Amino acid sequence: TKIIHNTAGFEQLILFLRRTKELKDEAVGIGRELRAQGLEAEDQRAMLQSKRRELLDRLRGAFRADLSGDGREEVVRFLTAINEEVIKAKAMFLAYSDPFEKYRALLFEYAHTLGHGVEAFMNGLYQRAETLGIDYSEAFRLHGQCVGMAVTWAGEMSFEMGHLEKDGYLAHQSLVYLFNRFGGFDFMPLRRLCDELDISCEEFCEGVLQVVRRDNKRGYCKCAPGSSVDQLVRERPGCLVRSSDASAELRYLVEVSEESQRRVLERAFNGDYDRVLVCKPGTSSAGDLALLPRAEVKVAPVQHGESDRAATALDALLRRLYGPGTVFHDTAEQPAVPALSLFHARPESVLLAPSVPYVNLPRGARGADAATLLAKTPLPKGASEFSSLHVVAANGERAQADAQGVVRSARALSKRAFLYSWPALRPDDVAGEYEAFFRIASDMILNGADRASLLLFVAAEGSRAELAVAAILGMLPFRGVQVAFVSPIAERVDPLVRLRTVSGLFEYDASQPERMGRCPVAAIFGPLPDHTFHRPIAAWRPLKPQPLPEEKPAPFKIGGLDLPMVTYEGQYIAGVSRFAALLRSDYGEALFPVVAVGETGDALGYGTDVLAALEAEGCPGHYFAHASGESFKRPDAYGKPELLQAIASAKRAGQHVVVVAVGGGVNGNAMGMIAALTGSDFIEVPTTLMHYNDATTSAKKAFSLVVNGQILSKNILGTFYLPQLVFCISEVFLTLSTCSIHAAVGEAAKT
């Protein structure tokens, strides 16, 4: 309710971004010209950089000069509300009870099944349109916008199945439609692009459902043919249909027929859900609310108050649905709370220290058979058996032969089993190692691996380097599957110490607090007697600055570990200098920053500004500008040889590598993966609302599975990895797109 009462600020911000779009576009154009020029013509570059700074100063000045004091305050209240409320909602579960998002925090996956599906399918169409020279700007939708649309589709399915009725349905749909006065959640622009590309309704629905069939929630439970794992709502917003399964992992996941999903997709394709919440003129009563086709609603200036009336009426409806005793943001008599809440009074970590059993296999790898390995490897929680076996053979004839034997014995048990081979690589081939990790992990997904699959690594030498490969391979699919490591040697290699690949670049340390106690290696099999490895998680020491008057900390924890989140509310350039000084003070001269930024952030100078400020502090590093967008959220777009070599060289020189992700949520997710793979420190500098209040408030980092430009499954190759600091400079939000604002609202409605 706090967010819906700030619709005026939302609309003021949308109108401001529309008015200043030409200034931003001109600045972006100059940035792209600078990128094309490279390092030549230094005088010309300096002139262009100066012009870009002038344009961005004018844009930021327009916010102070063109908006009234009340207008600026409304925008600030909206930004504050959407950030604070989403962050607090996530902290309820992630701080202590569910840091790995497998139980109650699965609520945050609401509307992501179809949302990911339509996002993935449309990203493929955007690429086709670009190739054909077709303008798709009106049809472009970001992740949060797709989730917002899917919130309404989940409401329609829930209504169709009898879970939602009348006022509950109206309130649920209104959480999105209240913010659709400018059409950020309309589907018809996407339909027009489909028509231009000769994509039929049937092709659209099937394309979306193909992505749904690889959804990363499927491994939590089995689905009958023609069904999917999804989430539905009952009675009122925020009250999800519960699974009849006793497993906590399935609490809010239910089986839904593809036909139900297909029906809502067909209606969306026809524009049936392009609506706006309105309230009759002169009233703000819940009984006067209606959902009208957006084509019938005239967008009026915000001062006319249409959205305010609708928000007030929606607030009244929600209060009636929730009943007395519910605490709302403006409840006069808040319940008594102790001086220190549980969030503040319980500082210790709730993460479990990792342990791994060593299981005796009398003949080592040569005596390995599928029945023994499947029976003695610990199952993932909630699974009664391993769904499939994926055997990776180390380079070497003996390992290959042993691996083939395990696959044969598994198939004799009617267990689905697949064989993969780790390639022979030069010791310094960092690009080859990177490619092999993601080729094998991607092939596992394409072969039907899920969360209940077992990855078996058959070693040739039983070395730490091979164990590192096994651990990293295991961390990738679904952010972690169980790994069994079969060693041929009469020596125990501890899987809980820092493990490095042969190149020395890629590493996995299960005691590293950033990994939150996660260890993909579930069991080691070898010729020695049974044993159990134990190791405590190392102390967590994030970068936690003493706030200046211009800084606003946002308390947040994951698994009991503090995640410092700071918003700098002063001027942009002062915020950049403050950030660089913080890093220099914390890491010292050994700091080697890797500053990564997407296309738009690079064009606006956000990445180069950060690196220049760090260089001014005596800390030169590596600059990595990458392609933007969900279709480029894939391993090959980020694992560039020059980036990997720069990190490898810095590590060999004994420098402290810190990956700094400047940009949106895709940038943060993908560069978090690079940091996790290389064991580097990770810091996020969000330039979008979605990156700040959604991507950073989760330890999940991931790539998508993308083949030939088409997203086959979103966020399915990843891990858990905490940043040391989240540092946001609020003035960067003035260069957002209107799509980005709608995306933040769509995710907030879901949350």
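Being a predicted model, the structure only gives us computed values, none of them experimental.

A. Representation of the sheet that holds strand S8 (residues 454-458) in the model. The mixed open sheet is built from seven strands, whose spatial order is S7-S6-S8-S9-S12-S5-S13. Every other strand in the sheet has two partners, leaving strand S7 (417-421) and strand S13 (531-534) as the edge strands with one partner each. In this sheet, adjacent strand axes meet at a mean angle of 20 degrees when their direction is disregarded. As defined by bridge partners, strand S5 (residues 355-360) adjoins S13 across four bridges and the pair is classed as antiparallel. Counterpart to Pro357 in the pairing with S13 is Thr532. Where helix H14 (residues 397-412) meets the sheet, its contacts fall on strand S6 (389-393), S7 and S8, and the angle it forms with S7 comes to roughly 170 degrees. Strands in contact with helix H15 (residues 430-446) are S6, S7 and S8; relative to S7, the strand with the most contacts, it is inclined by about 165 degrees.

B. Quick look at the sheet that holds strand S17 (residues 565-568). Across the sheet, which stays open at both edges, the seven strands sit in the order S14-S17-S24-S21-S20-S18-S19 with mixed pairing between neighbours. Of all strands in the sheet, those with a lone pairing partner are strand S14 (551-553) and strand S19 (622-625), marking the two edges. Strand after strand, the sheet turns through a mean of 20 degrees between neighbouring axes, direction not considered. Note: strand S18 (residues 591-597) against strand S20 (residues 656-663), seven bridges, orientation parallel. Bridge pairing links Val597 to Val662 in S20. Of the strands in this sheet, S18, S19, S20 and strand S21 (681-686) are in contact with helix H22 (residues 665-678), which crosses S20 at around 170 degrees.

C. View of the pairing of S18. By the criterion of burial, S18 is predominantly enclosed, with seven of the seven residues buried. Burial of S18 is two-sided: the residues Leu591, Pro593, Val595 and Val597 facing one way and the residues Phe592, Val594 and Ala596 facing the other way are all buried. Two strands pair when backbone bridges link them, and S18 and S19 are joined in this way by four bridges, in the parallel orientation. Pairing of Ala596 across the sheet is with Phe624, part of S19.

About the criteria used
Residues numbered from 1 in each chain as written. Predicted model: local features only at pLDDT ≥ 70, side-chain atom pairs only at ≥ 80, totals over all residues. Heavy atoms only, no water. Pairing = 2+ DSSP bridges. Helix = DSSP H or I, 4+ residues; strand = E, 2+ residues; numbered from the N terminus. Axes fitted to C-alpha atoms, helices over the stretch in contact; angles between N-to-C directions. Contact = heavy atoms within 4.5 Å. Buried < 20%, exposed > 50% of the residue type's maximum accessible area, 1.4 Å probe, protein only.

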